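Residues per chain, in single letters:
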Amino acid sequence: MKNAARLVTASAVAAALTLGLSAGSTVHAFDEHEATIDYRQGVMRAIGGNVGAIAAVVVDGADFGDNLKMHTSQLVALSQDIPGLFPEGSDFPDTDAKEEIWDDWERFEELSNDTREAAEALHAAVEAGNEDEYAIRFRNLGQSCQACHDDFRRD
């Protein structure tokens, strides 16, 4: 029975890949932007997940302090090019992104850079083991994220 299930699963995966490859050759502009939006939303969820994990440790006192370096390094990596996640034409109405992103691109880049710098500062404090600075640097990160969301994200 296990071999039959594996064969069915392998066949389904092969069929999906074949269909996906043949469909990929006729991708339309909307499909390309839809993939971009899916990727962007995944990255933003990853940022949110890491921020949530850090909050659990720094704010709530969860006993996972040994993982802070991993979470902060992920934030630094994920926040390196937030504007790159928002190419022209990816402003479809079914996303949380406001049109103001593209209308006020310089402000969006500025706030994105603030977030990246706040993530880097938090990571530096964690790497240095400077626990006295975790809370303030985490608060700075939260404020930078919130500033961008206030201006450029739908509720």
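On a predicted model such as this, the values are computed, not experimentally measured, just so you know.

About the criteria used
- Residues numbered from 1 in each chain as written.
- Predicted model: local features only at pLDDT ≥ 70, side-chain atom pairs only at ≥ 80, totals over all residues.
- Heavy atoms only, no water.
- Core = buried A, V, L, I, M, F, W, Y, C linked by side-chain atoms within 4.5 Å.
- Buried < 20%, exposed > 50% of the residue type's maximum accessible area, 1.4 Å probe, protein only.
- Helix = DSSP H or I, 4+ residues; strand = E, 2+ residues; numbered from the N terminus.
- Patch = residues over 30% accessible without salt bridge, like charges linked within 9 Å, V, L, I, M, F, W, Y side chains within 5 Å.
- Areas by Shrake-Rupley, 256 points an atom, 1.4 Å probe, with all protein chains shown as cover.
- Salt bridge = Lys/Arg side-chain N within 4 Å of Asp/Glu carboxyl O.
- Lys, Arg positive; Asp, Glu negative; His and termini not counted.
- Charge placed at Lys NZ, Arg CZ, Asp CG, Glu CD.

Trainee: Pulling in residues and values, what's your account of the nonpolar core?
Mentor: Ranked by size, the top nonpolar core spans 27 residues in total, and within it F86, I101, F108 and L141 carry the most contacts. At the level of elements, α2 (29-58), α3 (68-78), α4 (100-103), α5 (105-128) and α6 (131-152) are the ones that each hand at least two residues to this core. At 7 residues, the largest contribution of residues to this core is made by α5.

Trainee: Go over a negative patch on the surface with me, naming the residues and quoting the values.
Mentor: A contiguous patch of negative charge, built from D81, E88, D91, E100, D103, D104, E106 and E109, is present on the exposed surface. Examined against the element boundaries, D103 turns out to sit in helix α4. Looking at D103, the relative accessible area reads 66%, which means it is exposed.

Trainee: Go over the environment of G84, please, and point to the residues and values.
Mentor: Secondary-structure assignment places G84 in the loop between α3 and α4. Along the backbone, G84 and E109 are 25 residues apart, and their C-alpha atoms lie at a distance of 9.6 Å.

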